[in-house]
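An overview of the molecular structure
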Amino acid sequence: QGQLVESGGGLVQAGGSLRLSCAASGRRPNDFAMAWFRQPPGKEREFVAAIEWTYGITYYRDSVKGRFTSTRDIDTNTMYLQMDSLKPEDTAVYYCAESITVDWASSRAHDYDYWGEGTQVTVSS
């Protein structure tokens, strides 16, 4: 565990969709969580979505519920974030994160031990 690579960001019009991917290199410990965070321009990093690895239980921030869906592929150690009905306020750098200690879909940044470099998502109005 430890190396995470995000992809799938880009520029999209409001109402459009994007799918982010986060590939985790190496073998992942069973049961531990992964998550998506984002940092909008000029703002603090914020939680977006988390997924518990074994059963795929998810948790989302209120503003993305019903629009974003987090899934994972256990065989390829890849996490996805399907983002639909995008809004300009979703514009941010999106980061994926991996925990090696927490086995629930935590929204707390300090529960995550490894972070990707981030991918830019820009939603135009």
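Rules of the game
Residues numbered from 1 in each chain as written. Predicted model: local features only at pLDDT ≥ 70, side-chain atom pairs only at ≥ 80, totals over all residues. Heavy atoms only, no water. Helix = DSSP H or I, 4+ residues; strand = E, 2+ residues; numbered from the N terminus. Rg over C-alpha atoms; globule rule 2.2 N^0.38 Å. Buried < 20%, exposed > 50% of the residue type's maximum accessible area, 1.4 Å probe, protein only. Areas by Shrake-Rupley, 256 points an atom, 1.4 Å probe, with all protein chains shown as cover. Lys, Arg positive; Asp, Glu negative; His and termini not counted. Charge placed at Lys NZ, Arg CZ, Asp CG, Glu CD. Salt bridge = Lys/Arg side-chain N within 4 Å of Asp/Glu carboxyl O. Disulfide = S-S within 2.5 Å. Contact = heavy atoms within 4.5 Å. Polar contact = N/O pair within 3.5 Å; in protein donor to acceptor, adjacent residues only side chain to side chain.

Details of the overall build of the protein
What the protein contains, in helices and strands, is zero helices and eleven strands. In the protein, the succession of helices and strands from N to C terminus is β-β-β-β-β-β-β-β-β-β-β. What you see for the protein is a C-alpha radius of gyration of 13 Å, in line with the 14 Å of a compact globule of 125 residues. Counting only C-alpha atoms and orienting by the principal axes, one finds that the protein spans roughly 40 × 25 × 25 Å. Counting every position in the protein, which comprises 125 residues, the buried fraction comes to 46%. When the accessible area of the protein is evaluated, it comes to approximately 6,200 Å², of which 46% is carbon and sulfur surface. Between the averaged position of the 12 positive side-chain charges in the protein and that of its 16 negative side-chain charges there is a distance of 4 Å.

Let's talk about the pattern of salt bridges
Per the counting criterion, the structure on display carries six salt bridges. The salt bridge involving Lys65 is made with Asp62; its shortest N-O contact spans 3.0 Å. On the basis of relative accessibility, which here comes to 47%, the residue Lys65 falls in the partly exposed class. On the accessibility criterion, Asp62 (64% relative accessible area) is exposed. Between Arg108 and Asp111 there is a salt bridge, with the nearest N and O atoms lying 2.8 Å from each other.

Here's the deal with the state of the cysteines
For the coordinates displayed, the defined rule picks out one disulfide. Covalent S-S linkage joins Cys22 and Cys96, the inter-sulfur distance amounting to 2.1 Å. Across the S-S bond of Cys22 and Cys96 the torsion is about 60°, and the bridge reads as right-handed. Of this pair, Cys22 sits in strand β3 (residues 18–24) while Cys96 sits in strand β9 (residues 92–98); the two residues are 74 residues apart in sequence, bridging distant segments of the chain. Each member of the pair, Cys22 together with Cys96, is buried.

Looking at the environment of Gly16
Positionally, Gly16 belongs in the loop between β2 (10–13) and β3. Sequence spacing of Gly16 and Cys96 is 80 residues, and the spatial spacing of their C-alpha atoms is 21 Å. When residues no more than four places from it in sequence are discounted, the contact partners of Gly16 are Met83, Asp84, Ser85 and Leu86.

Side note on the side chain of Ser99
Looking at the secondary structure, you find Ser99 in the loop between β9 and β10 (114–115). Under the relative-accessibility criterion, Ser99 is labelled buried at 0%. A polar side-chain atom of Ser99 sits 3.1 Å from the main-chain amide nitrogen of Thr101. Among the polar contacts listed, one links the side chain of Ser99 to the backbone oxygen of Asp111, at a separation of 2.9 Å.

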